[in-house]
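# Examination of the molecular architecture
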Amino acid sequence: EYIKFLELAIQYGKPFLFENLDEELDPMIDPVLEKRYVFVNGQKMITLGDNTLEWSDNFTLMMTTKLSNPKYTPEVMGKASIVNCVITLEGLASQLLNVV
(Lines give C-alpha, C1' and ligand atoms only; values in the text may rest on other atoms or scores of the structure.)
Protein backbone atom coordinates (compact mmCIF):
# COMPACT_ATOMS: atom_id res chain seq x y z
CA GLU A 1 0.00 0.00 0.00
CA TYR A 2 2.97 2.35 0.54
CA ILE A 3 4.34 1.77 -2.98
CA LYS A 4 1.97 4.26 -4.65
CA PHE A 5 2.99 6.99 -2.19
CA LEU A 6 6.67 6.13 -2.71
CA GLU A 7 6.22 6.34 -6.48
CA LEU A 8 4.63 9.80 -6.18
CA ALA A 9 7.42 11.01 -3.88
CA ILE A 10 10.06 9.80 -6.36
CA GLN A 11 8.35 11.49 -9.30
CA TYR A 12 7.63 14.81 -7.61
CA GLY A 13 10.82 15.05 -5.57
CA LYS A 14 9.19 14.92 -2.15
CA PRO A 15 10.65 13.41 1.04
CA PHE A 16 9.40 9.94 2.03
CA LEU A 17 9.60 8.47 5.53
CA PHE A 18 9.47 4.81 6.54
CA GLU A 19 8.74 4.59 10.28
CA ASN A 20 9.30 1.80 12.82
CA LEU A 21 11.26 -0.53 10.54
CA ASP A 22 12.53 -3.91 11.67
CA GLU A 23 15.89 -5.36 10.67
CA GLU A 24 14.40 -6.78 7.45
CA LEU A 25 13.68 -4.35 4.60
CA ASP A 26 11.24 -4.95 1.76
CA PRO A 27 13.24 -5.96 -1.36
CA MET A 28 10.80 -3.83 -3.38
CA ILE A 29 12.74 -0.70 -2.33
CA ASP A 30 16.17 -2.08 -3.35
CA PRO A 31 16.22 -0.13 -6.65
CA VAL A 32 15.61 3.07 -4.67
CA LEU A 33 18.30 2.32 -2.08
CA GLU A 34 20.78 1.44 -4.81
CA LYS A 35 19.72 4.42 -6.96
CA ARG A 36 19.39 1.98 -9.84
CA TYR A 37 18.20 4.54 -12.38
CA VAL A 38 18.94 4.70 -16.09
CA PHE A 39 18.95 7.61 -18.51
CA VAL A 40 16.19 7.54 -21.13
CA ASN A 41 16.08 10.51 -23.50
CA GLY A 42 18.09 12.58 -21.02
CA GLN A 43 15.82 11.84 -18.06
CA LYS A 44 16.60 9.62 -15.07
CA MET A 45 14.17 6.71 -14.91
CA ILE A 46 13.85 4.02 -12.24
CA THR A 47 11.89 0.78 -12.32
CA LEU A 48 9.95 0.11 -9.14
CA GLY A 49 8.04 -3.15 -9.37
CA ASP A 50 6.25 -3.11 -12.73
CA ASN A 51 6.32 0.67 -13.13
CA THR A 52 9.01 2.83 -14.69
CA LEU A 53 9.11 6.27 -13.09
CA GLU A 54 10.92 9.53 -13.68
CA TRP A 55 13.50 10.09 -10.92
CA SER A 56 13.58 13.52 -9.31
CA ASP A 57 16.91 14.58 -7.81
CA ASN A 58 14.98 16.33 -5.01
CA PHE A 59 13.62 13.00 -3.73
CA THR A 60 14.80 12.03 -0.23
CA LEU A 61 14.19 8.71 1.51
CA MET A 62 14.41 8.45 5.30
CA MET A 63 13.92 5.35 7.40
CA THR A 64 13.53 5.18 11.17
CA THR A 65 13.41 2.35 13.67
CA LYS A 66 12.65 2.06 17.36
CA LEU A 67 15.28 -0.65 17.78
CA SER A 68 18.05 0.58 20.07
CA ASN A 69 20.83 -1.24 18.22
CA PRO A 70 19.56 -2.66 14.92
CA LYS A 71 21.70 -5.26 13.19
CA TYR A 72 21.21 -4.76 9.47
CA THR A 73 22.78 -7.01 6.87
CA PRO A 74 26.00 -5.86 5.17
CA GLU A 75 23.99 -5.35 1.97
CA VAL A 76 21.70 -2.84 3.68
CA MET A 77 24.64 -1.13 5.39
CA GLY A 78 26.25 -0.64 1.97
CA LYS A 79 23.10 0.84 0.45
CA ALA A 80 22.19 3.32 3.19
CA SER A 81 23.80 5.73 5.61
CA ILE A 82 23.02 4.63 9.16
CA VAL A 83 22.77 7.36 11.79
CA ASN A 84 22.26 6.28 15.41
CA CYS A 85 20.86 9.30 17.22
CA VAL A 86 19.41 7.57 20.29
CA ILE A 87 21.65 6.72 23.21
CA THR A 88 20.39 4.37 25.89
CA LEU A 89 22.39 2.47 28.47
CA GLU A 90 21.48 -0.91 26.90
CA GLY A 91 22.26 0.32 23.38
CA LEU A 92 25.59 1.76 24.44
CA ALA A 93 26.56 -1.46 26.24
CA SER A 94 25.58 -3.51 23.18
CA GLN A 95 27.62 -1.30 20.86
CA LEU A 96 30.65 -1.51 23.15
CA LEU A 97 30.34 -5.29 23.34
CA ASN A 98 30.32 -5.39 19.51
CA VAL A 99 33.66 -3.54 19.47
CA VAL A 100 35.32 -6.00 21.87
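Roughly 800 Å³ of internal volume is contained in the largest pocket. Surrounding the largest pocket, 32 residues form its lining, Met63, Thr64, Ser81, Ile82 and Val83 being those nearest its centre. Elements with a contribution of two residues or more to the lining of the largest pocket: helix H2 (30-33), strand E5 (60-63) and helix H3 (74-79). Here the element with the most residues in the lining of the largest pocket is E5; it accounts for four residues.

Another aspect to go through is the environment of asparagine 20. By secondary structure assignment, the location of asparagine 20 is in the loop between strand E1 (15-18) and H2. Note on asparagine 20: relative accessible area 47%, which makes it partly exposed. Each C-alpha atom, one on asparagine 20 and one on threonine 64, is 5.7 Å from the other, the two residues being 44 residues apart in sequence. In contact with asparagine 20, not counting residues within four places along its chain, are Thr64, Thr65 and Lys66.

In total, this model carries five salt bridges according to the counting rule given. In this structure, aspartate 30 and lysine 79 form a salt bridge, with 3.1 Å as the shortest nitrogen-oxygen distance. Note that aspartate 30 is positioned in helix H2 and lysine 79 in helix H3, a separation of 49 residues in sequence. Residue classification places lysine 79 among the partly exposed positions, given a relative accessible area of 24%. Here lysine 44 ties to aspartate 57 by a salt bridge, and the two come within 2.8 Å at their closest N and O atoms. Of the two residues, lysine 44 is situated in strand E3 (residues 43-48) and aspartate 57 in the loop between strand E4 (51-54) and E5; the sequence distance between them amounts to 13 residues.

Here the focus is the sheet that holds E4. Here three strands make up an open sheet; going across it, the order is E2-E3-E4 and the pairing antiparallel. The open sheet has two edge strands, strand E2 (37-40) and E4, and neither has a second partner. Between one strand axis and the next, the sheet turns by 40° as a mean value, whatever way the strands run. Inspection of the sheet shows E2 paired to E3 by four bridges, in the antiparallel sense. What sits directly across from valine 40, in E3, is glutamine 43.

Rules and cut-offs
- Residue indices begin from 1 for each chain and proceed along its sequence in written order.
- Given that the model is predicted, a residue must reach a pLDDT of at least 70 before its local features are reported, and side-chain atom pairs must reach 80 or more before they are shown or counted; all residues, however, enter totals for whole chains, interfaces and linings.
- Hydrogens and water molecules were not included; the side-chain quantities draw on all heavy atoms of the structure.
- In this analysis the probe radius is 1.4 Å and the grid spacing 1 Å, with only protein atoms considered; a cavity is a set of points the probe fits into but cannot get out of, a pocket is an open set with protein on both sides within 12 Å along at least five of seven lines, and lining residues have an atom within 4 Å of a point.
- Grid points are joined across faces, edges and corners, and a volume is the space filled by probe spheres set on the points.
- Each helix is a run of H or I in the DSSP string that is no shorter than four residues. Each strand is a run of E no shorter than two, and both are numbered from the N terminus.
- Three exposure classes are used, based on accessible area relative to the maximum for each residue type with a 1.4 Å probe and protein chains only: buried under 20%, partly exposed in between, and exposed over 50%.
- Any two residues having at least one pair of non-hydrogen atoms within 4.5 Å are treated as being in contact.
- Here, a salt bridge means any side-chain nitrogen of Lys or Arg that lies within 4 Å of a carboxyl oxygen of Asp or Glu.
- Paired strands, in this sense, are two strands between which DSSP finds at least two bridges.
- Only C-alpha atoms enter the line fits that serve as axes; for helices the fit covers just the stretch in contact. Angles between N-to-C directions range over 0 to 180 degrees.

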